[in-house]
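Here is how the chains run, residue by residue.
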Amino acid sequence: MIENINMMKCPFCPNEFSISPPRIDGVTIPRYQITVCRSCYNMNWDGWELGREKLLIEHLKLNNIPIPHPNMNGRLPRD
Ligand SMILES: [Zn+2]
């Protein structure tokens, strides 16, 4: 069987993940119009940590997406 797997690199870490059904490992965050790997998503439930926040803000600026207010932890909300 030939598998046709579309892989995508996480914008926040070196992980690559499948974005082809039935195995979709990326998590799309509509507010930020970005797809990240599940481990980045799961590990930053309380807000994006600084290294990733920097990359996220660059992505938001580049795409003219509004930057939300920080959450109670002083971080950008995950979703
Ligand atoms: Zn990642």
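Residues numbered from 1 in each chain as written. Predicted model: local features only at pLDDT ≥ 70, side-chain atom pairs only at ≥ 80, totals over all residues.

## Some remarks on the pairing of strand E5 (residues 34-37)
When strand E4 (residues 26-29) meets E5, the two strands line up antiparallel, connected through four bridges. Bridge pairing in E5 places isoleucine 29 opposite isoleucine 34. Hairpin connection, E4 to E5: the antiparallel pair is bridged by four residues, and glutamine 33 has positive phi, about 50°. (Pairing = 2+ DSSP bridges. Helix = DSSP H or I, 4+ residues; strand = E, 2+ residues; numbered from the N terminus.)

## Things to note about the environment of glutamate 16
Tracing the chain through its elements places glutamate 16 in strand E2 (residues 16-20). On the basis of neighbour counts, which here come to 13 C-beta atoms within 10 Å, the residue glutamate 16 falls in the partly exposed class. Taking the C-alpha atoms as reference points, glutamate 16 and asparagine 64, separated by 48 residues in sequence, lie 26 Å from one another. If near-sequence neighbours (up to four positions away) are discounted, glutamate 16 is found in contact with Met7, Met8 and Lys9. (Buried ≥ 20, exposed ≤ 12 C-beta atoms within 10 Å, placed from the backbone. Contact = placed C-beta atoms within 7 Å.)

## Things to note about unusual backbone geometry
Cis geometry marks the peptide bond from proline 21 to proline 22; its omega dihedral reads 5°. Of note in the backbone geometry, asparagine 64 takes a positive phi value of approximately 55° without being a glycine. By secondary structure assignment, the location of asparagine 64 is in the segment after helix H2 (50-62).

## Digging into the sheet that holds strand E3 (residues 23-24)
One open sheet holds the three strands; their spatial order is E1-E2-E3, and the pairing between them is antiparallel. Sheet topology places strand E1 (7-9) and E3 at the edges, where each strand pairs with a single neighbour. Pairing between E2 and E3: two bridges, direction antiparallel. Along E3, the bridge assignment pairs isoleucine 19 with isoleucine 24.

## Brief notes about the environment of serine 20
Residue position: serine 20 is located in strand E2. The spacing of serine 20 and asparagine 6 is 14 residues in sequence and 5.5 Å in space, taken between C-alpha atoms.

## A closer look at the nonpolar core
Most often, soluble globular proteins keep nonpolar side chains buried together rather than apart. Counting six residues, the largest nonpolar core consists of Cys10, Phe12, Phe17, Val36, Cys37 and Cys40. For cysteine 10, the residues in contact, after removing those within four places along its chain, are Asn15, Phe17, Val36, Cys37 and Cys40. (Core = buried A, V, L, I, M, F, W, Y, C linked by C-beta atoms within 7 Å.)

## Section: the environment of aspartate 79
The topology assignment puts aspartate 79 in the segment after H2. Owing to 10 C-beta atoms within 10 Å, aspartate 79 belongs among the exposed residues under this scheme. Excluding anything up to four places from it in sequence, aspartate 79 contacts Ile29 and Arg31.

Structural measurements only, silent on function.
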